[in-house]
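Notes for the structure review
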Amino acid sequence: MNTGRIYIAGPMRGKPELNWPAFDAAKDFLLSLGLDPISPADIDRDAGIHPDGPFDELIVRDCMRRDLKELMDCDALLMLPGWEKSRGAIAEHAVAVAMSIPVMILSEGDDGCCRSKD
């Protein structure tokens, strides 16, 4: 890794608050390590997406376009628990593998980095 730019991938749709608390916790953890996290939750917020929707396929497609562009400029990919059940995270994983971007996969309970701070 050159700059420590890490893209965070994981499930969103169908999760409370689009799972943004898990993305935020992962981002905070990576920041604490001096890395440069790229969170699709932040990308969505910047695009005016609200966790209560609405989410049609066109909105999802636009989100994926933005997210994949960011991923392609990252040094590594961090997969949050449950990513295997997410169409978007599966696509992000496939792109990372195809581009030889290193992939790190978190399991439930790994280091507490991806739990919301309630």
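Higher on the page you've got the structure.
Attention here is on the structure that accompanies the text. This is a predicted model, so every value here is computed, not measured.

Glancing now at the overall build of the protein. Within the protein, the regular secondary structure consists of four helices and four strands. The helix and strand sequence of the protein, counted from the amino end, reads β-α-β-α-α-β-α-β. Within the protein, the fraction of its 118 residues that count as buried is 42%. Summarising the internal contacts of the protein: among those between residues at least 6 apart in sequence, 71% fall at separations of at least 24.

Looking now at the side chain of Ser39. Here Ser39 shows up in the loop between strand S2 (36-38) and helix H2 (40-46). Polar side-chain contacts of Ser39 include one of 3.2 Å to the backbone nitrogen of Ala41. If sequence neighbours within four positions are ignored, Ser39 has contacts with Ile8 and Phe23.

Reading guide: rules and limits
- Residues numbered from 1 in each chain as written.
- Predicted model: local features only at pLDDT ≥ 70, side-chain atom pairs only at ≥ 80, totals over all residues.
- Heavy atoms only, no water.
- Helix = DSSP H or I, 4+ residues; strand = E, 2+ residues; numbered from the N terminus.
- Buried < 20%, exposed > 50% of the residue type's maximum accessible area, 1.4 Å probe, protein only.
- Contact = heavy atoms within 4.5 Å.
- Polar contact = N/O pair within 3.5 Å; in protein donor to acceptor, adjacent residues only side chain to side chain.

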